[in-house]
Amino acid sequence: MKKYLLEILMFSAYALFAASWVSGAILTPAIQASFGEEGFANATWGSNVITIAKIVGNLAAAALLVRLGAKRAFVLAIILIAAGGLGALAGSYGGWLLSRLALGLGGALAIVYFAPVVMHYFSAEERPLINGINAAAFNTGNLLALLSTTTLLAWLGSWQSVMVLYGVMVLALGVLWWLSAENFSLSGGGSKEEENYGFKQGIKESFNWWLPLAYCGVLFCYISVFALFPLIDGFAVASSHLSAVMIAAGMVGTVAGIIVTKRYALRLPVLRYAGLALVGFAALMVTSRDPLIAYTAAALAGFCMFLPMTALVTLPQELPGMTPGRITVTFAMFWSISYGVETVLMYGAGLLADMTGEPATAAYFAVACSASLFVFSFLLPESGKKVVVEKLEASDAAA
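No experiment lies behind these values; they were computed from the predicted model shown. (Residues numbered from 1 in each chain as written. Predicted model: local features only at pLDDT ≥ 70, side-chain atom pairs only at ≥ 80, totals over all residues. Heavy atoms only, no water.)

Caption draft 1: Expanded view of the nonpolar core. One finds Trp96, Trp177 and Phe229 to be the most contacted residues of the largest nonpolar core, which totals 125 residues. Per element, the largest residue contribution to this core is 16 residues, and it comes from helix α4 (residues 93–121). Here this core spans two domains, and each of domain 1 (1–183) and domain 2 (198–380) adds at least three residues to it. (Core = buried A, V, L, I, M, F, W, Y, C linked by side-chain atoms within 4.5 Å. Buried < 20%, exposed > 50% of the residue type's maximum accessible area, 1.4 Å probe, protein only. Helix = DSSP H or I, 4+ residues; strand = E, 2+ residues; numbered from the N terminus. Domains from an automatic or database assignment.)

Here it is, written out as structure tokens:
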């Protein structure tokens, strides 16, 4: 039962990280007003520092796990996430931004630690389900914030109270984690060298580069729907409605992805065909002038965006010789490179819009970049092939 409790605590902490991030974005006008700040560029710093912190935090996650152990490392992540909410009590806008930086660092650590904890506590048969659930954590928090922020603001009376509430809830999770968690070997029963596996070894493995490059375009397209599309006129429906439809359909896609990953041994076909379908539906979403078609395409794009996530996260865990230590480095590089490339692509989209004088070209660029999953899937190894061969051999032996 302990492993399920730890999973619930990890999932809840990351979902509250997402809720704190999104609620902070929703409450930006009130936050700026309370600190006497103005300007759109100034407003973007609340989210920008979180993105920057995630890049740095992802890289630091592996080293911290080795030095602190799983129990203390995740507690540190929780404290940083909580600081993102408690920073509402800061006396200046700069102090608030520093708390957002802490929030990003905590979220970066937390998402990397999903993989080694799942690999240690759950069997190969259980991992697709758990990985799929964890893949939905951010969307869960995102949806929670979208549905509850306005209500919480009316109930509690101030944006500070809303953000502090998130901080207090996360700290409560931290206490439960500290009482329940334990440290475990990162070598997976292997050698001391495996336990000390770090970035020096990780950067030499091509897989650790192809995996984030496959995902970065999808991440860029996903974030564009929330951060870029609202700045663009001309869609058949409001961009906020597209976002809501994609999130809801993404939750359904996550469930479908869990089922597909559990029942179908091969991983790459799921990544490849879902990635290709994503490009097609996303393109239809931004080019159609018919509201019904745009809504339908948005739903299908959201479904296809999250359908392959379980397979994508499960694939590295199935590779030969994978250990909790190795998987930590793999996902530290995965999230850091993905967010790093996404940041560059987002800036490139802005430059493209300025150069062409057509903001819509930024949306088309984001859709085109989502093809990364399809393109780079041809460079990834197939972790499920061995399973298929073993089943065929067992069948032949029985015959």
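Caption draft 2: Looking closely at the packing of helix α14 (residues 309–317) against helix α15 (residues 324–356). Here α14 crosses α15 at 140°, and the two axes come no closer than 10 Å. When the axis of α14 is compared with that of α15, the two are oblique. In the packing of α14 onto α15, the handedness of the crossing is right-handed. Contacts from Leu312, Val313, Pro316 and Gln317 of α14 reach α15 at Ile327, Thr330, Phe331 and Phe334. Residues belonging to the contact of α14 with α15 are distributed by class as follows: six nonpolar, two polar and no charged. (Axes fitted to C-alpha atoms, helices over the stretch in contact; angles between N-to-C directions. Parallel < 35°, antiparallel > 145°, perpendicular 65-115°, else oblique. Left-handed = near helix turned anticlockwise from the far one by under 90°. Contact = heavy atoms within 4.5 Å. Nonpolar A, V, L, I, M, F, W, Y, C, P; charged D, E, K, R; others polar.)

Caption draft 3: Looking closely at helix α6 (residues 137–156). Of all bends in α6, the biggest is about 50°, found at Ser148. Regarding α6, the residues found buried are Ala137, Phe138, Asn139, Gly141, Asn142, Ala145, Ser148, Thr149 and Leu152. One or two steps after α6, the chain reaches Gly157, where phi turns positive at roughly 95°. (Bend = angle between axes of the 7 residues up to and from the residue.)

Caption draft 4: Representation of a nonpolar patch on the surface within the structure. There is a patch of nonpolar side chains on the surface, built from Ile79, Leu86, Val168 and Leu171 and spanning about 310 Å² of accessible area. Position of Leu171 among the secondary structure elements: in helix α7 (residues 159–180). Assessed through its relative accessible area of 36%, Leu171 is described here as partly exposed. (Patch = residues over 30% accessible without salt bridge, like charges linked within 9 Å, V, L, I, M, F, W, Y side chains within 5 Å. Areas by Shrake-Rupley, 256 points an atom, 1.4 Å probe, with all protein chains shown as cover. Salt bridge = Lys/Arg side-chain N within 4 Å of Asp/Glu carboxyl O.)

Caption draft 5: View of the pattern of salt bridges. Enumeration over the complete set of coordinates arrives at four salt bridges. Taking the shortest distance from any N to any O, the salt bridge between Glu205 and Arg326 comes out at 3.0 Å. Residue Glu205 is found in the loop between α9 (199–202) and α10 (207–227), and its partner Arg326 is found in helix α15; the two are separated by 121 residues along the sequence. Note that Glu318 and Arg267 form a salt bridge whose closest N and O atoms lie 2.6 Å from each other. Within this pair, whereas Glu318 is found in the loop between α14 and α15, its partner Arg267 is found in the loop between α11 (239–263) and α12 (268–287), the two being separated by 51 residues in sequence. According to the relative accessible area criterion, Glu318 is partly exposed, its value standing at 26%.

Caption draft 6: Representation of the packing of helix α1 (residues 2–26) against helix α2 (residues 28–35) in the model. Between α1 and α2, the least distance of the axes is 5 Å, while the angle of their chain directions is 65°. One way to sum up the angle between α1 and α2 is to call them roughly perpendicular. Contacts between α1 and α2 involve Gly24, Ala25 and Ile26 from the first element and Thr28, Pro29 and Ile31 from the second. Its residues assigned to classes, the contact of α1 with α2 shows four nonpolar, two polar and no charged.

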